[in-house]
Amino acid sequence: MIASVRGEVLSIGLDHAVVEAGNGVGYAVHATPGTLAGLRRGHEARLATLLVVREDSMTLYGFADVEERELFVLLQTVTGVGPRLALATLAVLDPDTLRRALAEGDLTTLTRIPGVGRKSAERLVVELRDKVVAPVPVVHGDAPPPVTGNTRRDQVVEALVGLGFTARPAEAAVDGVLAGSPDADPSTLLRSALAQLGRT
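Throughout, residues of each chain are indexed from 1 in the direction in which the sequence is written. Where local features are concerned, this predicted model is filtered to residues with pLDDT of at least 70; where side-chain atom pairs are given and counted, the filter is 80 or more; whole-chain, interface and lining totals use all residues. With hydrogens and water stripped out, all remaining heavy atoms of the structure feed into the side-chain values.

Next up on the list: the overall build of the chain. Counting from the N terminus, the helices are the DSSP runs of H or I reaching at least four residues and the strands are the DSSP runs of E reaching at least two. A tally of regular secondary structure across the chain gives nine helices and five strands. Put simply, the radius of gyration uses C-alpha atoms, and a globule should come to 2.2 Å times the residue count raised to 0.38. For the chain, the C-alpha radius of gyration of 17 Å lies close to 16 Å, the compact-globule estimate for 200 residues. Across its three principal directions, the C-alpha atoms of the chain cover 45 × 45 × 35 Å. We get accessible surface area from the Shrake-Rupley algorithm with a probe of 1.4 Å; when it comes to residues, only the shown protein chains can shield them. For the chain, the accessible area works out to roughly 11100 Å², and carbon and sulfur atoms hold 52% of it.

The following block contains the structure:
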């Protein structure tokens, strides 16, 4: 199993990045928009990875940390959940939100995942509720200081450009999301901007 990949990021696509891990070998690593947003072309990156082997394919999936990889594996223990749906789940819900939804049986949150209806959400809860621990809520006084608006905006615009969008539409999409949700965190901002760009 390829447990991790470290090297220069050669390119970033909509659903994957190519990381050169030495000896001139570039690995195509499929990942969520949130993970891809943390990568930069020409910079070194390290990703926790999992190689999924099928009869007709070998696909390498990458994650920001081992925790995400473990959730990716855990999700696939549920009947009907394969790598694509597991990755889509992590693209929509961050690990804390996912664990909380499973532990509390929050079907509304789980049905936000593309391809997951109420019955599928119920199956996720039934099969995984006892296998996850809901995160402890953060006390307000312990919360990290918020990222400033300009830094957050520029960070997400840069991520969108890295994903292949041109600067002007990316800026317009991010500004549009910020106008309606000025306090959106970078991950939410990226997902919303991607959705807006997808519609256009």
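Attention now goes to the nonpolar core. By convention a nonpolar core is built from buried Ala, Val, Leu, Ile, Met, Phe, Trp, Tyr and Cys residues, the set being connected through side-chain atoms within 4.5 Å. Each residue is assigned to one of three classes by its accessible area relative to the maximum for its type, calculated with a 1.4 Å probe on protein chains only: buried under 20%, partly exposed between the two thresholds, exposed over 50%. In this structure, I12, L36, L39, L160, V174, L189 and L190 are the most contacted members of the largest nonpolar core, which totals 29 residues. Beyond its immediate sequence surroundings of up to four residues, L160 is in contact with F165, A170, V174, L190, A193, L194 and L197. L50, L75, A86 and L110 belong to the second largest nonpolar core, which has 27 residues in total. It only takes one pair of heavy atoms within 4.5 Å for two residues to be counted as in contact.

This paragraph deals with the sheet that holds strand β4 (residues 44-54). For two strands to be treated as a pair, DSSP must find no fewer than two bridges joining them. Read once around its circumference, the closed barrel built from five strands follows the order β1-β2-β3-β5-β4, with strand pairing classed as mixed. Averaged over all pairs of adjacent strands, the angle between their axes in this sheet comes to 55°, without regard to strand direction. Where strand β3 (residues 26-30) and strand β5 (residues 57-63) come together, two bridges link them in parallel fashion. Bridge pairing in β5 places H30 opposite Y61. All axes here are fitted lines through C-alpha atoms, helices being fitted over the stretch that makes contact, and every angle between N-to-C directions spans 0 to 180 degrees. Its contacts with the sheet place helix α3 (residues 83-92) against β3, β4 and β5, and it is angled at close to 15° to β5.

Bringing the pairing of β5 into the picture now. Burial analysis of β5 places five of its seven residues in the buried class, the great majority of the element. In this structure, β4 lies alongside β5, joined through seven bridges in antiparallel fashion. Its bridge partner lying in β5, T49 is registered against G62. Turn length for the β4-β5 hairpin, with the two strands adjacent in sequence and antiparallel, is two residues.

With that out of the way, let us pick up the packing of helix α2 (residues 66-75) against α3. Here α2 crosses α3 at 135°, and the two axes come no closer than 9 Å. With respect to α3, the element α2 is oriented oblique. Crossing angle aside, the handedness with which α2 passes α3 is right-handed. Mapping the contact onto sequence places E68, L71, F72 and L75 in α2 and P83, A86, L87, T89 and L90 in α3. Roughly parallel means an angle under 35 degrees; roughly antiparallel means over 145; roughly perpendicular covers 65 to 115; every other angle is labelled oblique. Handedness of a helix crossing follows the sense of rotation of the near helix relative to the far helix, less than a right angle counterclockwise being left-handed and clockwise being right-handed.

On to the confidence of the model for the chain, then. Note on scores: pLDDT gives the predictor's confidence for each residue, bounded by 0 and 100. Overall, the prediction assigns the chain a mean pLDDT of 86, with 90% of residues at 70 or greater. Confidence over residues 143-149 falls short of pLDDT 50; this stretch has two contacts with residues more than four positions distant or in other chains.

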